[in-house]
Amino acid sequence: MTSPAQVLRQAGRQAARYAAVIICAGTLAPPVAAKTVPATNREVSFIVDGTTTYGTLAVPTHRQGQKLTAVLLLPGSGPTDRNGDQPPALTPHTLAKLSDALTGEGVVTLRFDKYGTGRTGLGAYAGHPETIDYPAFVRQADAAYRLLAGQPEVNSRAVRLIGHSEGALTALQVAVDARPRAAGVALLQPLSLRFLDVLARQLHDQLADAVAAGQMTPEQQRSIGYAVDRAVADLRAHRPIDTTGMPPALAGLFQALGGPNQRYVTTIDAVDPALLAQRLPPRIPALLTCGTADKQVPCDMTTALSAALDQAHTSGPGRIVLTGVDHLLTDPANPEALAPATLDALHRFMRCRSR
C-alpha cells in the first residue's frame, strides 16, 4: 500500500516534470458587483435514446456577457439522483454540496437525474429495465456535457468533468473523446478497478472485519470468500451464478447482479479504469482523490489508476490523499459538510490549467 508520504513525493516529482506547461496559481474570478446578472438555478432537459433527462444548471453571479468556467458533476452507482442522493434512505447531498462549493467560486455547474432516478426515471427503458447497459449512461453524460458547453454563460473551452465514485469512471469515458475537449477531469473516491474486482475486494474486506469482530471463524471466511470469487467468475463467463455456501443476503446480492442488472454489470465490468485513463489527452489537468477513512475505495485501490494518469502525461494536481475523509467526501465527525481537505483539493484542481 502506498503511504501518504510516498504519494506526496511522487506528486512532487510529477509536478516538477510538467512545471513548464502547467499553471496552478491564482484564483477563479470572484463575482463582480457592478453590471451583474444574479445567480440562478434553472431546470434544463435534453433527450438521449428517446428519453428526456432533467437536470439543474447552477449559474453564479457574473457580468453580463461573461463566459464562465463550467463543471459537469456525475453521481455514483445505483439510483443516485442529481443531488447525489438515493432517497429516502440515503441523502448525503454530495453533488449538491459540490455544486454549491463550485458556484461559490464563480463556476457554472450542471448535474442531472440519471436513468432510474428523480424526474428522469427510466423513460424509454420503463417496462424492460434489464435492457439498459452502462454505455447508455455514458451517452447520457456525454449529451449533458455538450449541453453544458453550449450554454450562453459558458466558455466552451473551459468545461471540466468531476465524477464521484462510479461517476468518476463515466467522467473518464466522456473526457477521452469529449468535443469540445475537456479542460480537466476530477476523479473523487473513484471506481478505480474493474467493477466486479472492486465488489469482490469490498466483500473480502467485510469478511475480514467479521472475523476480527468474532462474528465468524477463519474457516467460514475462507469458504464464503471462495464462493464470492466463484460467483464473480460465473458473472464474467455469463454462466448461471452458483451461490452455494453464501449467507442469504450475499446470495441475494449475486442473484440480483445476475438477474435484471446483469447487462449493466457485465458492460461496466468490461471497462478497466486504468486502461481507459491512459487514453486521456496529454496535459489535461487531472485530480484523483482517496480518503483515509474511505472503506469503499481505500487509497491502495487507486494506485494503478494514479499510475495510469501519469502514463497518460496528464497534468496536476494528480492524486491527493484526503486525511480523515470518507467515501462521501466528508469528515465522519461532521457529515453535513464537505471536508476542508475535499474543498482544498477541488480548489487546487480548478486552479490548474495546461498550455
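Above this text is the structure in question.
The structure contained in this document is the topic of the report that follows. (Residues numbered from 1 in each chain as written. Predicted model: local features only at pLDDT ≥ 70, side-chain atom pairs only at ≥ 80, totals over all residues. Heavy atoms only, no water.)

A word on the state of the cysteines
Alright, step 1. A full pass over the atoms with the stated rule returns 1 disulfide.
Alright, step 2. Across a sulfur-sulfur distance of 2.1 Å, Cys290 and Cys299 are joined as a disulfide pair. Handedness of the Cys290-Cys299 disulfide follows from its S-S torsion of about 100°: it is right-handed. For the pair formed by Cys290 and Cys299, the shared burial category is buried. (Disulfide = S-S within 2.5 Å. Buried < 20%, exposed > 50% of the residue type's maximum accessible area, 1.4 Å probe, protein only.)

Some remarks on the nonpolar core
Alright, step 1. If you look at the biggest cluster of nonpolar residues, it comprises 76 residues, and the most contacted ones within it are Leu72, Leu148, Leu161, Val185 and Phe254.
Alright, step 2. Per element, the largest residue contribution to this core is 10 residues, and it comes from helix α3 (residues 134–149).
Alright, step 3. When neighbours within four sequence positions are excluded, Leu72 is seen to be in contact with Leu110, Phe112, Ala141, Ala144, Tyr145, Leu148, Arg160, Leu161 and Ile162.
Alright, step 4. Core analysis: the next-biggest nonpolar cluster, separate from the first, contains 20 residues, Val71, Ala186, Leu188 and Ile320 among them. (Core = buried A, V, L, I, M, F, W, Y, C linked by side-chain atoms within 4.5 Å. Helix = DSSP H or I, 4+ residues; strand = E, 2+ residues; numbered from the N terminus. Contact = heavy atoms within 4.5 Å.)

Notes on unusual backbone geometry
A negative phi holds for most residues other than glycine; trans holds for most peptide bonds.
Alright, step 1. For the bond from Arg179 to Pro180, the omega torsion is 0°, close enough to zero to count as cis.
Alright, step 2. Following Gly316, the chain continues to Pro317 via a peptide bond in cis, the omega torsion being 0°.
Alright, step 3. Along the chain, the position of Pro317 falls in strand β11 (residues 315–322).
Alright, step 4. Phi is positive for Ser165, close to 55°, though the residue is something other than glycine.
Alright, step 5. Structurally, the position occupied by Ser165 is in the loop between β8 (154–164) and α4 (166–177).
Alright, step 6. Relative accessible area serves as the criterion here: at 12%, Ser165 is assigned to the buried category.
Alright, step 7. The backbone of His238 shows a phi angle near 60°, a positive value even though the residue is not glycine.
Alright, step 8. In this structure, His238 sits in the loop between α6 (218–236) and α7 (248–257).

Some remarks on helix α2 (residues 94–103)
Alright, step 1. With 8 of 10 residues buried, α2 lies mostly within the body of the structure.
Alright, step 2. Of the residues making up α2, those classed as buried are Thr94, Leu95, Ala96, Lys97, Leu98, Ser99, Leu102 and Thr103.

What to know about the packing of aromatic side chains
Alright, step 1. Throughout the structure, instances matching the rule amount to 5 aromatic pairs.
Alright, step 2. Aromatic side chains Phe46 and Phe112 sit 6.0 Å apart centroid to centroid with 80° between the ring planes, which places their arrangement in the edge-to-face category. In this pair, Phe46 is assigned in strand β3 (residues 40–48) and Phe112 in strand β7 (residues 108–112), connecting sequence segments 66 residues apart.
Alright, step 3. The exposure class assigned to Phe46 is buried, which follows from its relative accessible area of 9%.
Alright, step 4. Measuring from ring centre to ring centre gives 5.5 Å for Tyr115 and Phe137, while their planes differ by 70°; the resulting arrangement is edge-to-face. Of this pair, Tyr115 sits in the loop between β7 and α3 while Phe137 sits in helix α3, and the two are 22 residues apart along the sequence.
Alright, step 5. On the accessibility criterion, Tyr115 (4% relative accessible area) is buried.
Alright, step 6. Here the aromatic cluster, defined as three or more aromatic residues joined through ring pairs, consists of Tyr115, Tyr125, Tyr134, Phe137 and Tyr264.
Alright, step 7. If you follow Arg119 out to its NZ or CZ, it ends over the ring of Tyr54, 3.9 Å from the centre.
Alright, step 8. Over the ring of Phe349 we find Arg160; its NZ or CZ atom is 4.9 Å from the centre of that ring. (Phe/Tyr/Trp six-rings, centres within 6.5 Å; stacked < 30°, edge-to-face > 60°. Lys NZ or Arg CZ within 6 Å of the ring centre and 35° of its normal.)

Some details on α7
Alright, step 1. Taken residue by residue, α7 has Leu250, Ala251, Phe254 and Leu257 as its buried positions. Buried residues of α7, seen end-on, are gathered within an arc of 120° and therefore sit on one face of the element. Exposed side chains of α7 directed beyond 90 degrees from the buried face belong to Pro248 and Ala249.
Alright, step 2. Contacts made by the buried residues of α7 are with α5 (195–212), α6 and α8 (262–269). (Arc of directions from axis to C-beta.)

What about the pattern of salt bridges?
Alright, step 1. Counted under the stated rule, the structure contains 16 salt bridges.
Alright, step 2. For Arg239, the salt bridge goes to Asp234, with nearest N and O atoms at 2.9 Å.
Alright, step 3. Judged by relative accessible area, which is 5%, Asp234 ranks as buried. (Salt bridge = Lys/Arg side-chain N within 4 Å of Asp/Glu carboxyl O.)

Some points on the sheet that holds strand β9 (residues 184–188)
Alright, step 1. Taken in spatial order, the 8 strands make up an open sheet running β3-β4-β7-β6-β8-β9-β10-β11, and their pairing is mixed. Single-partner strands in this sheet number two, and they are β3 and β11. If you compare each strand with its neighbour and ignore which way they point, the axes differ by 20° on average.
Alright, step 2. Direction of pairing for strand β6 (residues 68–74) relative to β7: parallel, over a ladder of 3 bridges. Across the sheet, residue Ala70 finds its bridge partner in β7, namely Val108. (Pairing = 2+ DSSP bridges. Axes fitted to C-alpha atoms, helices over the stretch in contact; angles between N-to-C directions.)

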